[in-house]
Each structure stands twice: as C-alpha cells, then as structure tokens.
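# An overview of the molecular structure
Next come the chains, spelled out residue by residue.
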Amino acid sequence: MTQQVVRVQPGSRAQEAGQWSTGLCECYKDVGDCCFALCCLPVFTCKVTSAVGACPCLPLLDCIGCVPPASLAMRASVRQRYGIKGSVWSDCLYGCCCYPLSWLQISRELKRRAASHASSSSSSSSARYTALASLQGEHLV
C-alpha cells in the first residue's frame, strides 16, 4: 500500500495568481497575531519588520506624518516580492485607513508564503524563508 504526500496545499493556487493569500479583514485566520496586534501594535509591527529582515525600528517612523512610510514600504515590498497585484495608491489607502489590518495581512502573507516555499523547495532554501516557515501557526513574538 502506497501513500501520497501532499506537497502543496490546495489554497496555494490563488497565491500564484497575484493575489494576497488572505483578505484584509481575515484576522480570524491567525487569532494569535490578531490578539498580539490588538494589545501592542507598535511591538507587533516591529516584529513583522524584523522577520522580513529590515530594521525592526522602521515602523516607529509611521507616527511622523499622515501617510505611514513604513507601512507603505512594507506592503509595496511584499507585493513586489511575491508578485501580488496592486498599486502604491492601494498601499497608501490601506496604510492610512486600515493600519492594523494592513500589518496583520502582511504578517499572514509572509508566514503563508514562507511555509509554501519551504514545503516546495529543497533543504538548501534560504535562511530567510526557513526562519519564516518555522513561524507558521505562531505569532511573531
């Protein structure tokens, strides 16, 4: 009797089509991160930025003006890295009007893409993806 191993989960095809893996308001898909962001959003944003490999203090610049530069830069970076459709205008809108939800969506995207990459690549994958894949199902603390 042989068993087949599932390498790619069925939901990953939407990711390949240039879409976010989860919607902006789908916080229920990662309750741990949602609670963490609700309790201490500045620390949460710094942890997400650190997981990407950027300076962890970058989100602290968001309090300077009415357009949050770190949020805008992170969304644009994640969109570019994974080929997600969108524009600077949508990033600006989400950063200004849906700031916590935007950071939660970025966190979910990073974890899901890293887990997808780790499951489909060999053991010689980059340390960045391996580190993020180990966070699947965890909040970024």
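Up top is the structure.
Presented here is a report on the structure given in the accompanying data block. The numbering scheme is per chain: residues are counted from 1 as the chain's sequence reads. With the structure being a predicted model, the display of local features is reserved for residues of pLDDT at least 70 and the display and counting of side-chain atom pairs for 80 or more, all residues being used for whole-chain, interface and lining totals. Water and hydrogen atoms play no part in the side-chain values, which are based on all heavy atoms of the structure.

## A word on the side chain of Ser-102
With respect to the helices and strands, the residue Ser-102 is situated in helix 6 (residues 99-120). Residues count as neighbours in contact if any of their non-hydrogen atoms are within 4.5 Å of one another. Ignoring anything within four residues of it in the chain, the contact list for Ser-102 reads Leu-24, Ser-71, Arg-75 and Tyr-94. In this text, helices come from DSSP runs of H or I with a minimum length of four residues, and strands from runs of E with a minimum of two, each type numbered from the N-terminal end.

## Focus: the packing of helix 2 (residues 31-39) against helix 3 (residues 41-52)
Packed helices, taken two at a time, are described by the angle their axes make and the gap between the axes. Under this scheme, a helix contributes an axis fitted over its contacting stretch, all axes are lines through C-alpha atoms, and angles between N-to-C directions fall in the 0 to 180 degree range. Contact geometry for helix 2 and helix 3: axes closest at 5 Å, N-to-C directions at 125°. Classified by the angle their axes make, helix 2 and helix 3 are oblique. Between helix 2 and helix 3, the contacting residues are Asp-33, Phe-36, Ala-37 and Cys-39 on the first element and Leu-41, Val-43, Phe-44 and Lys-47 on the second. Asp, Glu, Lys and Arg are counted as charged, while Ala, Val, Leu, Ile, Met, Phe, Trp, Tyr, Cys and Pro are counted as nonpolar; the rest, among them Gly, fall into the polar class. Across the contact of helix 2 with helix 3, the residue classes tally to six nonpolar, no polar and two charged. The scheme is simple: roughly parallel for angles under 35 degrees, roughly antiparallel for over 145, roughly perpendicular for 65 to 115, oblique for anything else.

## Re the environment of Cys-96
Within the secondary structure, Cys-96 sits in helix 5 (residues 88-97). Each residue is assigned to one of three classes by its accessible area relative to the maximum for its type, calculated with a 1.4 Å probe on protein chains only: buried under 20%, partly exposed between the two thresholds, exposed over 50%. Accessibility expressed as a relative area gives 35% for Cys-96, which makes it partly exposed. The sequence separation of Cys-96 and Val-67 amounts to 29 residues, and the corresponding C-alpha distance is 6.0 Å.

## Some points on helix 5
What helix 5 keeps buried is the set Ser-90, Asp-91 and Gly-95. In an axial view of helix 5, the angular spread of the buried residues amounts to 130°, which keeps them on one side of the axis. Away from the buried face of helix 5 by more than 90 degrees, exposed residues Trp-89 and Cys-97 are located. In this description, one arc is meant: the one made by directions from the helix axis to the C-beta atoms.

## Let's talk about the pattern of salt bridges
What counts as a salt bridge is simple: a side-chain nitrogen of Lys or Arg found within 4 Å of a carboxyl oxygen of Asp or Glu. Applying the stated rule across the entire model yields six salt bridges. Note that Lys-111 is salt-bridged to Asp-30, the shortest N-O span being 2.5 Å. With Lys-111 in helix 6 and Asp-30 in the loop between helix 1 (13-16) and helix 2, this residue pair connects regions lying 81 residues apart in the sequence. Considered together, Lys-111 and Asp-30 belong to a single accessibility category, that of buried residues. Among the ionic pairs, Asp-33 bridges to Lys-111, the shortest N-O distance being 2.9 Å. A residue pair is termed long-range when its members are at least 10 positions apart, and Asp-33 in helix 2 and Lys-111 in helix 6 qualify at 78 residues. What you see here is one network of salt bridges that share partners, running through Asp-30, Asp-33 and Lys-111.

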